[in-house]
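If you want the building blocks of each chain, they are given just below.
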Amino acid sequence: MDATRRLIVLRHAKSDWSDNLPDHERPLAPRGLRDAPNLGRWLGDHGYVPDRVVCSTARRTRETWEHVSGALPGEPPVEYDEDLYGAGPEEFLEAARRIPGDVTTLALVGHEPGVSELTLHLAGYGEDTRLVQAKFPTGAAAVLATADTWADLATARLEAFFRPRD
């Protein structure tokens, strides 16, 4: 596959369940606050810096992106999309398909099970995706390479998978 675009699929970092808050309003837990900047450093160190970001409106995803982006060079434009809260692969693909063609690296920030379903929908269920098949933990990111345009995004190859414990 001659990759011309990268899609970074991020799952929010560990959230806090201690308060009796609605799910949409749960903040990051101390572990999430520690893991998110590490993800940002890993992305930056490996040259995986998005040109554009589409993020769920949930508090934990917004906070995750804030801490990830703080460890990256530059500040890509961010769109907060309520359709990514509880999204499956189709909603994520719809968000990606709205992205202009000149964007070469896109980050989508969301929740399970949608982030793993999207990754496996695009990259398949081969040996290269076995870690994603096993578990897409909080604070993890899959980096996918594709030759497709955003408007026609249908297949990709898993290029890297970051898990906080790594």
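Above this note sits the structure.
Since we're looking at a predicted model, the values are computed, not measured.

## A word on the sheet that holds strand β3 (residues 78–81)
One open sheet accounts for six strands, arranged β3-β2-β4-β1-β5-β6; its pairing is mixed. Whereas interior strands pair on both sides, the edge strands pair on one side only; in this sheet they are β3 and β6 (157–162). With direction set aside, neighbouring strand axes in the sheet form an average angle of 20°. The pairing of strand β1 (residues 5–11) with strand β5 (residues 141–146) spans six bridges and is antiparallel. Following the sheet pairing, Ile-8 is matched in β5 by Val-143. Helix-sheet contacts for helix α3 (residues 89–97) involve β2 (52–56), β3 and β4 (105–110), and the interaxial angle to β4 is about 145°. Of the strands in this sheet, β1, β4, β5 and β6 are in contact with helix α4 (residues 114–123), which crosses β1 at around 150°.

## Thoughts on the pattern of salt bridges
Charged atoms that come close allow side chains of opposite charge to pair. Evaluation of the coordinates by the stated rule reveals 12 salt bridges. Glu-127 is the partner of Arg-130 in a salt bridge, and the nearest nitrogen-oxygen pair spans 2.8 Å. Arg-130 gets classed as partly exposed once you look at its relative accessible area, which sits at 47%. The class of Glu-127 is exposed, set by a relative accessible area of 60%. Asp-166 serves as the salt-bridge partner of Arg-163, at 3.0 Å between the closest nitrogen and oxygen. For Arg-163, a relative accessible area of 12% puts it in the buried group. Among the charged side chains, a salt-bridge network with shared partners connects Arg-6, Arg-157 and Glu-159.

## So, the packing of aromatic side chains
A full pass over the atoms with the stated rule returns three aromatic pairs. The interplanar angle of 45° and the centroid separation of 5.5 Å between the aromatic rings of Trp-42 and Tyr-48 together place this pair among those described as tilted. Each member of the pair, Trp-42 as well as Tyr-48, carries the same accessibility label: buried. With a centroid separation of 5.2 Å and an interplanar angle of 35°, the aromatic rings of Trp-42 and Phe-162 are classed as tilted. Residue Trp-42 is found in helix α1 (residues 30–45), and its partner Phe-162 is found in strand β6; the two are separated by 120 residues along the sequence. Across the pair, Phe-162 and Trp-42 agree in class, each one buried.

So, how was this worked out
Residues numbered from 1 in each chain as written. Predicted model: local features only at pLDDT ≥ 70, side-chain atom pairs only at ≥ 80, totals over all residues. Heavy atoms only, no water. Pairing = 2+ DSSP bridges. Helix = DSSP H or I, 4+ residues; strand = E, 2+ residues; numbered from the N terminus. Axes fitted to C-alpha atoms, helices over the stretch in contact; angles between N-to-C directions. Contact = heavy atoms within 4.5 Å. Salt bridge = Lys/Arg side-chain N within 4 Å of Asp/Glu carboxyl O. Buried < 20%, exposed > 50% of the residue type's maximum accessible area, 1.4 Å probe, protein only. Phe/Tyr/Trp six-rings, centres within 6.5 Å; stacked < 30°, edge-to-face > 60°.

Spatial relationships are all this shows, so hold off on functional conclusions.
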